[in-house]
Amino acid sequence: MVRDKPDRLLLEVCIGSAEDAVCAEQGGADRVELNAALPLGGLTPSLGTLIETKRVCSLPLIAMLRPREGGFCYSDGDFRTMQRDLDLLLEHGVEGVAFGVLAADGEIDRARSEQVVRQAGDRQVVFHRAFDVVPQPLSALHQLVEIGVRRVLTSGQAVRAMDGIELIRQLHETAAGRIEILPGCGIRADQAATLLAATGCRQLHASLREPLDDGSCRHNLAIGFSSLAQGHGRTSAAALAAMRYAMDQRS
């Protein structure tokens, strides 16, 4: 099977439901990142969603650990919520968590980040795209290495990863195997090979979503309940297949 090839490039798919997880696994993803509220950038998933996703999907699962929308400088109450959520996520079998905690000046909140790493124990700890707003990314990367973070998800501080290729390459070279660099944000299948070749990275993070309207709100289209109006999103099987094919060709 392609999955067993030692040179396989790793594809992480950002998902919002157990149904997304099934699609991701069937389509050849290697890992999933489970979120709630993807239109808000992703928040901590509910325990119900996590339990059901673990039931139907055998892929390694990274759970988003983010208590609210907006920035990443958290109040004491926000951070206590993160710690309680982390305990529950670990208790229910996640392979890792994606988090990001910054100070008001945009620098890494080192003390709280160290707390998250300690609390996570032997599980994977990923610093998510909060990294893309730090003022000194190479310095921040060194701090995350020292803290013990496993992986950094980044677009290279650009709106899309393809626009941040140069910084992603610098980060990969600076990491020198001490921490993983995971490019993500707006990556299309036809860009995968170029991005991987230009940066030296061997894994990608992609949303691969398509809009879905369940039809229930059609009688009053003036009312909207999210940024997707009456619809929501789901993992696109076609986009996932195209991304997997492009990465396997690159391998």
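Note: the structure precedes this text.
A few points on the structure. Quick caveat, the model's predicted, so the values are computed rather than measured.

The rules behind these values
Residues numbered from 1 in each chain as written. Predicted model: local features only at pLDDT ≥ 70, side-chain atom pairs only at ≥ 80, totals over all residues. Heavy atoms only, no water. Phe/Tyr/Trp six-rings, centres within 6.5 Å; stacked < 30°, edge-to-face > 60°. Helix = DSSP H or I, 4+ residues; strand = E, 2+ residues; numbered from the N terminus. Buried < 20%, exposed > 50% of the residue type's maximum accessible area, 1.4 Å probe, protein only. Contact = heavy atoms within 4.5 Å. Arc of directions from axis to C-beta.

Points about the packing of aromatic side chains
Thinking step 1. A full pass over the atoms with the stated rule returns 1 aromatic pair.
Thinking step 2. Between Phe-99 and Phe-127 the ring centres are 5.3 Å apart and the planes differ by 75 degrees, which places this aromatic pair in the edge-to-face class. Of this pair, Phe-99 sits in strand S4 (residues 96–99) while Phe-127 sits in strand S5 (residues 124–127), and the two are 28 residues apart along the sequence. With respect to class, Phe-99 is no different from Phe-127; both count as buried.

Considering the environment of Thr-174
Thinking step 1. Relative to the helices and strands, Thr-174 is located in helix H6 (residues 165–175).
Thinking step 2. Remark: the alpha-carbon pair of Thr-174 and Leu-89, spanning 85 residues in sequence, is separated by 31 Å.
Thinking step 3. In this view, Thr-174 contacts Leu-138, Leu-141 and His-142; residues no more than four positions away in its chain are not counted.

Considering the environment of Arg-55
Thinking step 1. Relative to the helices and strands, Arg-55 is located in helix H2 (residues 47–56).
Thinking step 2. A relative accessible area of 61% places Arg-55 in the exposed class.
Thinking step 3. In this structure the C-alpha to C-alpha distance between Arg-55 and Ala-111, which are 56 residues apart in sequence, comes to 35 Å.

Remarks on helix H4 (residues 110–120)
Thinking step 1. Among the residues of H4, those classed as buried are Arg-112, Ser-113, Val-116, Val-117 and Ala-120. The buried residues of H4 occupy an angular sector of 145 degrees when projected down its axis, which confines them to one face.
Thinking step 2. Where the residues of H4 are buried, they touch helix H3 (76–91), S4, S5 and helix H5 (137–147).
Thinking step 3. Note on H4: the residue one or two positions beyond its end, Gly-121, has a positive phi of about 65 degrees.

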